[in-house]
Amino acid sequence: AGSWDGLDKNVVVMNWNFGNRDKSLKFFADRGNRQIIAGYYDSDLKNLQQWLASADKVNGVIGMMYTTWSQNYSQLENFAKMCGEHIQK
């Protein structure tokens, strides 16, 4: 408990907390930490759309990371396309 109190604002947080993404993104944004979202976990890319929508609600999200646990890069191109289209909005 309270371990985040020692986290310097210059530390970039890799946010993996999909299940609590709105709360987690806001928590670190309010602390002043920039964040990179680990937004793919060998699952449906609909999760990425939800991450992007949540990221729009806070400041300081500086990137997205394609995260695979099973060496599955089959969705990498679609992931990049979705992120790029979102940025262009």
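Residues numbered from 1 in each chain as written. Predicted model: local features only at pLDDT ≥ 70, side-chain atom pairs only at ≥ 80, totals over all residues. Heavy atoms only, no water.

Colleague: What am I meant to see in unusual backbone geometry here?
Modeller: With the exception of glycine, the majority of residues adopt a negative phi angle, and the majority of peptide bonds are in the trans configuration. Positive phi, normally seen in glycine, also occurs at Gln 71, with a value near 60°. Inspection of the secondary structure puts Gln 71 in the loop between strand 3 (61-67) and helix 3 (76-88). (Helix = DSSP H or I, 4+ residues; strand = E, 2+ residues; numbered from the N terminus.)

Colleague: Looking at this structure, how should I read the sheet that holds strand 1 (residues 13-15)?
Modeller: Paired through backbone hydrogen bonds, the strands of a sheet run either parallel or antiparallel to each other. Here we have three strands laid out as an open sheet, ordered 1-2-3, and parallel in their pairing. Of all strands in the sheet, those with a lone pairing partner are strand 1 and strand 3, marking the two edges. The mean angle between the axes of side-by-side strands here comes to 25°, regardless of whether they run parallel or antiparallel. Where strand 1 lies against strand 2 (residues 35-41), three bridges are found, and the strand directions are parallel. Of the residues in strand 2, the one forming a bridge with Met 14 is Ile 36. Along the sheet, helix 2 (residues 46-55) contacts strand 1, strand 2 and strand 3; its crossing angle with strand 2, the most-contacted strand, is approximately 165°. In this fold helix 3 packs onto strand 2 and strand 3, with an angle of close to 165° to the strand it touches most, strand 3. (Pairing = 2+ DSSP bridges. Axes fitted to C-alpha atoms, helices over the stretch in contact; angles between N-to-C directions. Contact = heavy atoms within 4.5 Å.)

Colleague: What is the right way to read the side chain of Asn 33 from this model?
Modeller: Residue placement: Asn 33 occurs in the loop between helix 1 (21-31) and strand 2. In this structure Asn 33 comes out as buried when scored by relative accessible area, which is 1%. A distance of 3.0 Å separates a polar side-chain atom of Asn 33 from the backbone oxygen of Asp 8. Reaching out from Asn 33, the side chain makes a polar contact with the backbone oxygen of Val 11 at a distance of 2.9 Å. (Buried < 20%, exposed > 50% of the residue type's maximum accessible area, 1.4 Å probe, protein only. Polar contact = N/O pair within 3.5 Å; in protein donor to acceptor, adjacent residues only side chain to side chain.)

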